[in-house]
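# Report on the structure
Listed here are the chains, written in short residue letters.
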Amino acid sequence: MRVVCSWCRHEGRSGDLGEKAPFDDPAQTHAICARHLEQLLSTLPSPSCPAVDVLVVVHRRDLSLHDYLARTIALVRGVKVLVERRQYGGDRVRRGVSLPGCTLVRFKRRV
């Protein structure tokens, strides 16, 4: 089966995401590409931090950056700074913008 991103198709792009089993079936099935998934996730509020618009996740090896950011933006409403707790390897990937020493994750605030 051919896998296509419906959102890309709606934009006039090919949306081709490859194939999946059964490989001898010429039919199409729909999924969402990484770009559109990122857009979708950015429109959702954070269930664990409903008052947070931007989460700054600092890599655990850079605690001085965490301390600096925590002091610098402590009074900025909607921004939270925390140290990465995940163990690298089998954990899920956090979606966001990677910067040196940290990752920014943007959420939509609940209305």
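Worth saying up front: this structure is predicted, and the values here are computed from it rather than measured.

Quick notes on the rules
- Residues numbered from 1 in each chain as written.
- Predicted model: local features only at pLDDT ≥ 70, side-chain atom pairs only at ≥ 80, totals over all residues.
- Heavy atoms only, no water.
- Pairing = 2+ DSSP bridges.
- Helix = DSSP H or I, 4+ residues; strand = E, 2+ residues; numbered from the N terminus.
- Axes fitted to C-alpha atoms, helices over the stretch in contact; angles between N-to-C directions.
- Salt bridge = Lys/Arg side-chain N within 4 Å of Asp/Glu carboxyl O.
- Buried < 20%, exposed > 50% of the residue type's maximum accessible area, 1.4 Å probe, protein only.

What follows deals with the sheet that holds strand 1 (residues 2-5). Spatial ordering of the open sheet is given by 2-1-3, a layout of three strands whose pairing is mixed. On the outer flanks of this sheet lie strand 2 (16-19) and strand 3 (28-31), each paired with one strand and no other. Recorded for the sheet is a direction-independent mean angle of 30° between the axes of neighbouring strands. In terms of strand pairing, strand 1 meets strand 3 through four bridges, oriented parallel. For V3, the partnering residue across the bridge sits in strand 3 and is T29.

Here the focus is the pattern of salt bridges. Overall, the coordinates contain four salt bridges when judged by the stated rule. As a salt-bridge pair, E19 and R2 come within 3.3 Å of each other at their nearest N and O atoms. Linking E19 in strand 2 with R2 in strand 1, this pair joins segments that are 17 residues apart in sequence. Judged by relative accessible area, which is 30%, R2 ranks as partly exposed. As a salt-bridge pair, R13 and E11 come within 3.0 Å of each other at their nearest N and O atoms.

Distances and angles like these do not, on their own, reveal function.
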